[in-house]
Amino acid sequence: MASYLFILAMDVLGHMLDDDTKYKVEGLTLPKGRCIQDQTFVDDIALYFKETQSNMDKARIVLDLFCLASKAKINWGKSIAIWANK
Amino acid sequence: MEETVPTLLLAFRAILSWGPTLKFINKGMITLIPKFGDHSKLGNWQPITLLGSIYKTLAKILTRKIQVHLPFVIKPNQTSFVMGRSILDNNFLARESLEWAVKSGHDLFLLLLDFEKAFDKIEWGFFFPALSKLGISPKWIKWVSSFY
């Protein structure tokens, strides 16, 4: 039960990342046209997005909002950022 | 069976109509069970939380109710706990999208986030209204919120 409730809560973040028109983050468009913004396993989230300042700002706003509402806390020290082409 | 079903029904109905005032149904009792070896050593005892049968039965029913709907509710990007999905999808997707971004020159920024003690930190006040937006039935939410 707890695990289902948890993934339902994480689903809210998923919707915030790609449904919200105001903060929609521009993700990675795959060859077949599918666009990915995020991939989640339990509480491990991988965000995929185009590296622009506005995208970073939007992602930060969405994450801050989610954390504020859900009381979840991101451990930035244990989070990893990867630039594909740098 | 003939005796337990009416009793449970009575209890469930009380929980639904009384809601938060019956929060004690999810209270547990922590006790120690002995393991092998010398029982004068604390390490040979295992703590266990015992929950009431009413809570356990109700939680199981609610879990089974939601289980079948999860594949249609939870976005495909979540691969845990949903039947028919696998963590391998995350691995393949991460590897192949990185590879593709490098090959095609797309600029990709990948951020892997770590949440602190995620499970016990959920703020339920935020969560239950969000659930109804996801399309979960109000009745199910009412049941669950009666003991969280």
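Residues numbered from 1 in each chain as written. Chains lettered and ligands numbered in written order. Predicted model: local features only at pLDDT ≥ 70, side-chain atom pairs only at ≥ 80, totals over all residues. Heavy atoms only, no water.

A. Fine view of the nonpolar core. Core analysis: the biggest nonpolar cluster contains 54 residues, and L8 of chain A together with W140 of chain B have the highest contact counts within it. Residue contacts for L8 of chain A: discarding those within four places in its chain leaves L70, V73, I74, F127, L131, L134, I136 and W140 of chain B. Of all hydrophobic cores here, the second largest spans 10 residues; its members include I36 and A84 of chain A together with A101 and L108 of chain B. (Core = buried A, V, L, I, M, F, W, Y, C linked by side-chain atoms within 4.5 Å. Buried < 20%, exposed > 50% of the residue type's maximum accessible area, 1.4 Å probe, protein only. Contact = heavy atoms within 4.5 Å.)

B. Looking closely at the interface of chain A and chain B. The interface is formed by 55 residues belonging to chain A together with 53 residues belonging to chain B. Of the roughly 5700 Å² buried at the junction of chain A and chain B (both faces included), carbon and sulfur atoms supply 68%. Three residues, M1, Y4 and L8 of chain A, lead the burial of chain A against chain B; their summed loss comes to 13% of the area buried on that side. Inspection of the chain A/chain B interface yields 0 salt bridges. The element best represented in the side of chain A that touches chain B is helix α1 (residues 2–18) of chain A, accounting for 15 residues. (Buried area = accessible area lost by both parts, 1.4 Å probe. Salt bridge = Lys/Arg side-chain N within 4 Å of Asp/Glu carboxyl O. Helix = DSSP H or I, 4+ residues; strand = E, 2+ residues; numbered from the N terminus.)

C. Focus on the packing of aromatic side chains. Throughout the structure, instances matching the rule amount to 6 aromatic pairs over all chains. Plain terms: the ring middles of F127 of chain B and F128 of chain B are 5.6 Å apart, the flat faces sit at 50 degrees to each other, and that makes the pair tilted. The pair formed by F127 of chain B and F128 of chain B is uniform in burial state, with each residue classed as buried. Chaining the aromatic ring pairs together yields one cluster made of F49 and W83 of chain A together with F109 of chain B. (Phe/Tyr/Trp six-rings, centres within 6.5 Å; stacked < 30°, edge-to-face > 60°.)

D. Structural detail: the sheet that holds strand β5 (residues 80–83) of chain A. Read from one edge of the open sheet, 4 strands run β3(A)-β4(A)-β3(B)-β5(A), paired in antiparallel fashion. Sheet topology places β3 (38–41) and β5 of chain A at the edges, where each strand pairs with a single neighbour. When strand polarity is set aside, the average angle formed by the axes of neighbouring strands in this sheet is 10 degrees. Sheet topology places β5 of chain A next to strand β3 (residues 109–113) of chain B; 4 bridges connect them, and they run antiparallel. When the sheet's bridge partners are listed, W83 of chain A is paired in β3 of chain B with F109 of chain B. Here helix α2 (residues 53–70) of chain A sits on the sheet in contact with β4 (44–49) of chain A together with β3 of chain B, set at roughly 155 degrees to β4 of chain A. (Pairing = 2+ DSSP bridges. Axes fitted to C-alpha atoms, helices over the stretch in contact; angles between N-to-C directions.)

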